[in-house]
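# Observations on chain architecture
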Amino acid sequence: MKLKTFLLGACSALMFAGIASAETLTIATVNNSDMIRMQKLTDDFKAKNPDIDLQWVTLEENVLRQKVTTDIATKGGQYDVLTIGTYEVPIWSKLGWLAPLDKLTADKNYDVDDLLPAIRSGLTSDGKLYAAPFYGESSMVMYRKDLFDKAGLKMPDAPTWDFIADAARKITDKDHEVYGICLRGKAGWGENMAFLTAMSNSFGARWFDEKWKAQFDQPEWKDTLDFYVKLMKDAGPPGASSNGFNENLSLFQTGKCGMWIDATVAASFVSDPKESKVADKVGFALAPDKGLGKRGNWLWAWSLAIPASSKKTEAAEKFISWATGKEYTNVVAQKEGWLNAPPGTRASLYANADYQKAAPFAKMTLDSINSADPAHPTVKPVPYVGVQFVAIPEFQGIGTAVGQQFSAALAGQISVDAALKAAQQLTTREMTKAGYPK
C-alpha cells in the first residue's frame, strides 16, 4: 500500500514538473488573414514541441507597431516573438533591440539560402539575419484583360508609365463607373507614400541626397506628383484621396478598376472567384518604369523577430523556424490549398509545380520581388536603405506628414507646387531638429 502510494505520488510529481517546465511564448502579431491562419494551424507546432505553449496578442497594424515599439524601446519584455516589417529591422538591429537568429541560419533543415535574396537582404544587418520572413511582397500591375481587348490594347510584361497612363485614359468609362486606374491616395507613410515613394524612384527622384538634404524641390518629384495627380484626375475613381489598399481592392474586385498597381499579395484576392467578380479576367505585369533603370515597385515582408530582452530565445527560435520554414508551407498547402501558401519568401515555393499551377501570378510576383533592391533603391545615390520608405526612425512621422500634403493635392485642396513646397519645408525642419546630417 505504501509503495503504491509512493509511486502514485512520484508520478503526480513528475507530471506536475512536466507541466510547470513548459515555456510560454507571448507572440505579438498583426490582425490579417495570413497570421490568423497561422494561429489556427499551430497544433502542428505543439505536436512537435509539447514543452512550448503559445499566447497570442493579435492587434491592428498601427496599434501593433505602437505597442511593440514602446515595449522593445523600454525593454519591457512583454513579448517573446514580434511581428515586424522590413522598415523596423535595419533600425532596431543597429540599436541592439533584436537578437540575431544565429541558430536558425546555421540550421541546414531551415535552409536560409532558400530565402529570396531581396527579402533576406532587407532583414539582414552586418551579415546577420535579425528577422525571418513570414510572407513577402513587392508591387505590380493588376489589370482587366477584357477591357484591354475591348480597347485594342495589349499589356506588355514590363510596361512604361506612359503606356499605363495612355491605357488608363482609353479604358475609362465614367458613365458606367469603370475607371482606368486605381492608386493609393489615403495619407500615411505606409499608404499613399508607400506607392508614391516607389513611383518616384522610377522617375529618378529621392527623399534625400547624400548629405541628407530633402529633395522635394527638385524636378524629379515635380514630375512624379504632376503625373500622378493628372492621371488620377483623368482616369481615377472619385474620392481617390481617401482610398488605400482595402478600398482599391474592393473597387477592383467589383469591376470598377481597369488597372490597379499595388501589393503582389493582392493577386490571390483578385483572382479568387469567391471574392472577385472579375477573377477570370485578371492579368499581371511588372510595375511601370520611365526607362531610367528603376521600376516603381516596393519591397516588404512581415517577419518574426526576437527582442534582445527575451529570456526565452531558444524556444522563440524554434517557433520562428516552424512558422517561416518549409514545413509550415506544406502544412498550409495540405489544409488550406497551395493558393494560400505564404508568398514571397522562398525560392522553393516558386519552383513548386503545384504552386505554379494554383497561382498564375507566381512568376510575376517573383520577378517583382527580385527587381527591388533596398540597398540601392534610387537612380541617384542616397544615404539610406529602403525602397518605399527611408529606414530611419524619423521617417514614420515625416512620411505621414508628407503624405497628408500629397493627399490634399490629389483632392484638389492645394496645388502640386504647394504640396511639394510644404513637403520640403516640413522635412527639412524635422531632419534639422533630429540632428541630420549625422
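Residues numbered from 1 in each chain as written. Predicted model: local features only at pLDDT ≥ 70, side-chain atom pairs only at ≥ 80, totals over all residues. Heavy atoms only, no water.

### Regarding the overall build of the protein chain
Helices and strands together make up the secondary structure of the protein chain, namely 20 helices and 10 strands. Computed over C-alpha atoms, the radius of gyration of the protein chain comes to 24 Å, within 12% of the 22 Å expected from 2.2 N^0.38 for 438 residues, which places it in the range of a compact globule. Taken along the three principal axes of its C-alpha coordinates, the protein chain extends 90 × 55 × 35 Å. Evaluated residue by residue, the protein chain yields a buried proportion of 56% over its 438 residues. For the protein chain, long-range pairs separated by at least 24 residues make up 74% of all intrachain contacts whose partners lie at least 6 apart in sequence. (Helix = DSSP H or I, 4+ residues; strand = E, 2+ residues; numbered from the N terminus. Rg over C-alpha atoms; globule rule 2.2 N^0.38 Å. Buried < 20%, exposed > 50% of the residue type's maximum accessible area, 1.4 Å probe, protein only. Contact = heavy atoms within 4.5 Å.)

### So, the confidence of the model for the protein chain
Put simply, the protein chain has an average pLDDT of 92, and 95% of its residues get 70 or more. Note that residues 1–20 has pLDDT below 50 and, in this model, 0 contacts with residues that lie over four places away or in other chains. (pLDDT = per-residue confidence, 0-100.)

### Topic: the sheet that holds strand β2 (residues 52–59)
Sheets are built from strands that pair by backbone hydrogen bonding, the pairs being arranged parallel or antiparallel. In spatial order, the strands read β2-β1-β3-β10-β6; together these 5 strands make up an open sheet with mixed pairing. Edge positions in the open sheet fall to β2 and β6 (132–137), since each of these has one partner strand only. Direction aside, the axes of adjacent strands within the sheet are offset by 20° on average. Note that strand β3 (residues 81–85) and strand β10 (residues 300–305) share 4 bridges and pair antiparallel. Within the sheet, the bridge partner assigned to Ile84 lies in β10 and is Ser303. Lying on the sheet, helix α4 (residues 61–73) is in contact with β1 (23–30), β2, β3 and β10; it crosses β1 at an angle near 130°. (Pairing = 2+ DSSP bridges. Axes fitted to C-alpha atoms, helices over the stretch in contact; angles between N-to-C directions.)

### Some details on empty space enclosed by the protein
The tally for this structure, following the rule as stated, stands at 5 cavities of 30 Å³ or more. Computed from the structure, the largest cavity encloses a volume of approximately 60 Å³. Lining the largest cavity we find Asn201, Lys294, Arg295, Asn297, Ser371, Ala372, Asp373, Pro377 and Val387. For the lining of the largest cavity, the class distribution of residues is 3 nonpolar, 3 polar and 3 charged. (1 Å grid on protein atoms, 1.4 Å probe; cavity = no way out; pocket = protein on both sides within 12 Å on 5 of 7 lines; lining within 4 Å. Points joined across faces, edges and corners; volume = space filled by probe spheres on them. Nonpolar A, V, L, I, M, F, W, Y, C, P; charged D, E, K, R; others polar.)

### Notes on the environment of Asp162
Relative to the helices and strands, Asp162 is located in helix α9 (residues 161–171). Along the primary structure Asp162 and Lys290 are separated by 128 residues, whereas in three dimensions their C-alpha atoms are 7.8 Å apart. In contact with Asp162, other than residues within four places in its own chain, are Phe227 and Lys290.

### Some points on the packing of aromatic side chains
Scanning all chains against the criterion turns up 35 aromatic pairs. Here the aromatic rings of Tyr143 and Phe148 are separated by 5.0 Å at their centres, their planes lie at 55°, and the arrangement is tilted. Judged by relative accessible area, Tyr143 falls into the buried class, the value being 11%. On the basis of relative accessibility, which here comes to 1%, the residue Phe148 falls in the buried class. The interplanar angle of 75° and the centroid separation of 6.0 Å between the aromatic rings of Phe216 and Phe406 together place this pair among those described as edge-to-face. Separated by 190 residues along the polypeptide, Phe216 in the loop between α10 (192–202) and α11 (219–235) and Phe406 in helix α19 (residues 395–410) bring together distant segments of the chain. (Phe/Tyr/Trp six-rings, centres within 6.5 Å; stacked < 30°, edge-to-face > 60°.)

### Observations regarding helix α18 (residues 362–371)
Turn by turn, an α-helix covers 3.6 residues, leaving residues three or four places apart pointing in a common direction. Buried within α18 are the following residues: Ala362, Met364, Thr365, Leu366, Ser368 and Ile369. The inward-facing, buried residues of α18 abut α7 (117–122), β6, β7 (139–144), β9 (282–286), α16 (347–350) and α17 (353–358).

### What to know about the nonpolar core
Within the largest apolar cluster, 148 residues are counted, with the highest numbers of intra-cluster contacts made by Ile181, Trp207, Tyr228, Met259, Phe319 and Phe406. It is α11 that provides the largest number of residues to this core, a total of 8 residues. (Core = buried A, V, L, I, M, F, W, Y, C linked by side-chain atoms within 4.5 Å.)

### Concerning the layout of surface pockets
By rolling a water-sized probe across the atoms, one finds the places where empty space is left. When its volume is computed, the largest pocket comes out at roughly 1000 Å³. For the largest pocket, the lining is made up of 33 residues, of which Glu61, Gly190, Glu191, Phe245 and Trp302 are closest to its centre. Ranked by the residues each element gives to the lining of the largest pocket, the list is headed by helix α12 (residues 245–253), at 4 residues. Residue classes in the lining of the largest pocket are distributed as 14 nonpolar, 10 polar and 9 charged.

### Some thoughts on the state of the cysteines
Enumeration over the complete set of coordinates arrives at 1 disulfide. One disulfide bridge connects Cys182 with Cys257, the sulfur atoms lying 1.8 Å from each other. A torsion of -75° about the S-S bond marks the disulfide between Cys182 and Cys257 as left-handed. Here the residue Cys182 occupies a position in the loop between α9 and α10, and Cys257 occupies one in the loop between α12 and β8 (259–263), the gap between them amounting to 75 residues. In terms of burial, Cys182 and Cys257 fall into one category: buried. (Disulfide = S-S within 2.5 Å.)

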